[in-house]
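A closer look at the structure
Listed below are the residues making up each chain.
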Amino acid sequence: MQVNFTHHQSAHCENGVASNLLKNNGLNISEPMVFGIGSGLFFVYLPFIKVNHAPAISYRTLPGQIFNKLASRLNLKIKRQKFSSTTNANKALDENLKNNIPTGLQVGVYHLSYFPDEYRFHFNAHNLVVYGKTETDYLVSDPVMETVTTLTHDELDKVRFAKGAFAPRGQMYYPIQIPKDVDLKSAIIKGIKNTCRDMLAPMPIVGVRGIKFVSKQIRKWPIKHGTKKANHYLAQMVRMQEEIGTGGGGFRFIYAAFLQEASVILNNEELKVLSKEMTQIGDSWRDFAVEASRIYKNRSAKEDAYNTIADELLDIANREEIFFKKLKQAIS
Amino acid sequence: MEKEKVPQDKSNLTKNNVKELLYATDENGNYTTTLSTGWEPKTIALSNSIDDINERIAEAKMQVETCEASPICYYMELNKMDLTILASYVGLWKWRVKRHFKPANFAQLNDKILKKYADAFDISVEELKNIKTD
């Protein structure tokens, strides 16, 4: 049993699944477009939640949000289902495949056998598409992989019912209704406004102010927690930031690509200029990662070094603050 | 980032022949996609946290051998879990799981509960009771 489905690799899993599913249904929409309209760019610092024994920093919105926002802004209908038993979950998936519907799934990463061992952590907000089934395997299109791959029936059960934070509970989703004409222009403007609001939010742990808050905390890490723990925190931060296209630099480049596309659709030259500025900010995020890696590579922690990268982060935050204010004006 | 400047460093992805996709600008400043084999700062961050996990595993193993902790502790670290994740896999309250970290409490567990732990770690009950000391 196999459904017609074209796999496109993407930088981030949720955008990729959304874009692939929609392309498959005849709506040609690129990954950056999905990311921009779905307002995927975000920042939140949650020091009271520990991930891999370090404070949680998220560069993205909650899992599922990008696709949901995209759908409501383009008037698409998506069906989402969660299950309490593996049998029912499998039955529903098989039913879909029988009806020629490639289906998006939220899964845990830990049991994905085709990932390199080092990348298999208990992280439950990964997305992929199942487009077929054989006697032993499910045919899988994972948007961060170059080509399609497979998972055995057992493995798919395990990843769909992974436990822990954001447990997917077998969640599957697929578009059920796509209008003939979509209004990209108004959707783009809504998406941009939403992102500006998030990034400029008057909350100490969210958006630009969240980045500033982290920068302040970084200065204290080596004194408060000792060198070893401070280095571990920093390494975790860089991993969250740059792993598989998520976070800091990677997300900025996708967003810049979105602005470039948007400038053509909206016929707005200013967005093109802002796209270039976003690219430069993305480069600075990557420079930050390089500097941070120097610290945890040498395993030394001069207070100086921590102060230097904290300054760098603060500079990025200030530039993003100016950037999002300008962006807000550009579309108003 | 310009397309030519996209790093192609060796990483843990290389041996599985996996490449990741990045957005970068071409010579005219327009966005396009390109593949990267890896980037050193990320590789170091990853190997750093893997060292960290290995350290935790070694420490847990030592504690089991000196009877300060039960094998559950060791297998939890081996599976990169923490208390919250393990508790949700076995479907028990966190405080109960925590109690089972003590060797004395672990020794009294019945087979039904041991089976839950064994399933969560993907091993047999026998393996759970006797951890390999190599």
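Only a predicted model underlies this, so the values are computations on that prediction, with no experimental measurement involved.

What about the overall build of chain B?
Within chain B, the secondary structure is distributed over 7 helices and 2 strands. Listed by position from the N terminus, the elements making up chain B come as β-β-α-α-α-α-α-α-α. Against the globule reference of 14 Å for 134 residues, chain B gives a C-alpha radius of gyration of 22 Å, more extended than a compact globule. Projected onto its principal axes, the C-alpha coordinates of chain B cover approximately 70 × 30 × 25 Å. Across the 134 residues that make up chain B, the buried fraction comes to 30%.

Structural notes on the overall build of chain A
Tallying secondary structure elements over chain A gives 10 helices and 8 strands in all. Here the C-alpha radius of gyration of chain A, 20 Å, is about what a compact globule of 332 residues would show, namely 20 Å. In terms of principal-axis extent, the alpha carbons of chain A reach across some 60 × 45 × 30 Å. Out of the 332 residues in chain A, the part that is buried amounts to 48%. Look at the contacts in chain A between residues 6 or more apart in sequence, and 69% of them connect residues 24 or more apart.

A word on the pairing of strand β5 (residues 126-133) of chain A
Residues and elements named next belong to chain A. The buried count for β5 comes to 7 of 8 residues, which makes it a mostly enclosed element. Of the strand pairs in this sheet, strand β4 (residues 103-107) and β5 are connected by 5 bridges, and their pairing is antiparallel. Directly across from T103, in β5, lies its bridge partner V130. Across 4 bridges, the pairing between β5 and strand β6 (residues 137-141) is antiparallel. Its bridge partner lying in β6, G132 is registered against L139.

Remarks on the packing of helix α3 (residues 83-90) of chain B against helix α6 (residues 111-121) of chain B
If you want to describe how two helices pack, look at the angle between their axes and the distance between the axes. Residue and element names in this part refer to chain B. Running from amino to carboxyl end, α3 crosses α6 at an angle of 115 degrees, the nearest separation of the two axes being 9 Å. The chirality of how α3 crosses α6 is right-handed. Side by side, α3 and α6 meet where L86, Y89 and V90 of the first sit next to K116, Y117 and A120 of the second. In the contact of α3 with α6, the residues fall into 5 nonpolar, no polar and 1 charged.

Observations concerning the sheet that holds strand β7 (residues 149-152) of chain A
Residue and element names in this part refer to chain A. Taking strand neighbours across the sheet as the criterion, the 6 strands line up as β3-β8-β4-β5-β6-β7 in an open arrangement whose pairing is antiparallel. The open sheet terminates on both sides in strands that have one partner only, identified here as β3 (77-81) and β7. Put simply, the sheet's adjacent strands are angled 40 degrees from each other on average, direction ignored. Sheet topology note: the β4/strand β8 (residues 172-177) ladder contains 2 bridges and is antiparallel. Counted as the bridge partner of G104 is Y173 from β8. Across the sheet, helix α4 (residues 86-98) lies against β3, β4, β5 and β8, angled at about 60 degrees from β5, the strand it touches most.

Examining the interface of chain A and chain B
In this complex, chain A contributes 40 residues to the contact, which on the side of chain B involves 30 residues. For the side of chain A that touches chain B, the elements supplying multiple residues, two or more each, are α7 (207-242), α8 (248-266) and α9 (269-298) of chain A. Per-class residue counts for the side of chain A that touches chain B are 17 nonpolar, 13 polar and 10 charged.

Let's talk about the environment of W95(B)
Residue and element names in this part refer to chain B. Mapped onto the fold, W95 is located in helix α4 (residues 94-99). C-beta crowding within 10 Å serves as the criterion here: with 9 such atoms nearby, W95 is assigned to the exposed category. As a C-alpha pair, W95 and D52 span 43 residues in sequence and 25 Å in three-dimensional space.

Observations regarding unusual backbone geometry
A positive phi angle is found at N75(A), which is not glycine, with a value near 60 degrees. Classification of N75(A) as partly exposed rests on a count of 13 C-beta atoms within 10 Å.

Here we look at the domain arrangement of chain B
Looking at the assigned domains, one finds that chain B contains domain 1 (3-38) and domain 2 (53-129). The distance between the C-alpha centroids of domain 1 of chain B and domain 2 of chain B comes to 41 Å.

Side note on the confidence of the model for chain B
Residues and elements named next belong to chain B. Scored by pLDDT, chain B comes out at a mean of 89, with 98% of its residues at no less than 70. The secondary structure element of chain B with the lowest average pLDDT is helix α1 (residues 40-65), at 89, and the one with the highest is α4, at 95. Of the two predicted TM-score estimates for the complex, the pTM is 0.91 and the ipTM is 0.87.

Some remarks on the environment of M33(A)
All names here are of chain A. Tracing the backbone shows M33 in helix α2 (residues 31-37). Here M33 falls in the buried class, since 26 other C-beta atoms lie within 10 Å of it. Spatially, the C-alpha atom of M33 lies 8.2 Å from that of I188, the residues being 155 residues apart in sequence. For M33, the contacting residues outside a window of four places in its chain are F258 and E261.

Side note on the packing of α8(A) against α9(A)
Residues and elements named next belong to chain A. The interhelical angle for the contact between α8 and α9, taken along N-to-C directions, is 175 degrees, at an axis separation of 8 Å. Between α8 and α9, the angle falls in the class roughly antiparallel. In contact with G248, G249, R252, F253, Y255, A256, L259, Q260, A262, S263 and L266 of α8, α9 contributes E269, L271, K272, L274, S275, M278, T279, I281, G282, W285, R286 and A289. Class assignment for the residues of the contact of α8 with α9 results in 12 nonpolar, 7 polar and 4 charged.

Here we look at the domain arrangement of chain A
Residues and elements named next belong to chain A. As assigned here, chain A comprises domain 1 (13-37 + 77-177) and domain 2 (184-331). For domain 1 versus domain 2, the separation of C-alpha centres amounts to 29 Å. Opposite the 8 residues of domain 1 that make contact, domain 2 presents 10 residues. Within the side of domain 1 that touches domain 2, the residues separate by chemical class into 5 nonpolar, 2 polar and 1 charged.

About the cut-offs
- Residues numbered from 1 in each chain as written.
- Chains lettered and ligands numbered in written order.
- Predicted model: local features only at pLDDT ≥ 70, side-chain atom pairs only at ≥ 80, totals over all residues.
- Helix = DSSP H or I, 4+ residues; strand = E, 2+ residues; numbered from the N terminus.
- Rg over C-alpha atoms; globule rule 2.2 N^0.38 Å.
- Buried ≥ 20, exposed ≤ 12 C-beta atoms within 10 Å, placed from the backbone.
- Contact = placed C-beta atoms within 7 Å.
- Pairing = 2+ DSSP bridges.
- Axes fitted to C-alpha atoms, helices over the stretch in contact; angles between N-to-C directions.
- Left-handed = near helix turned anticlockwise from the far one by under 90°.
- Nonpolar A, V, L, I, M, F, W, Y, C, P; charged D, E, K, R; others polar.
- Domains from an automatic or database assignment.
- pLDDT = per-residue confidence, 0-100.
- Parallel < 35°, antiparallel > 145°, perpendicular 65-115°, else oblique.

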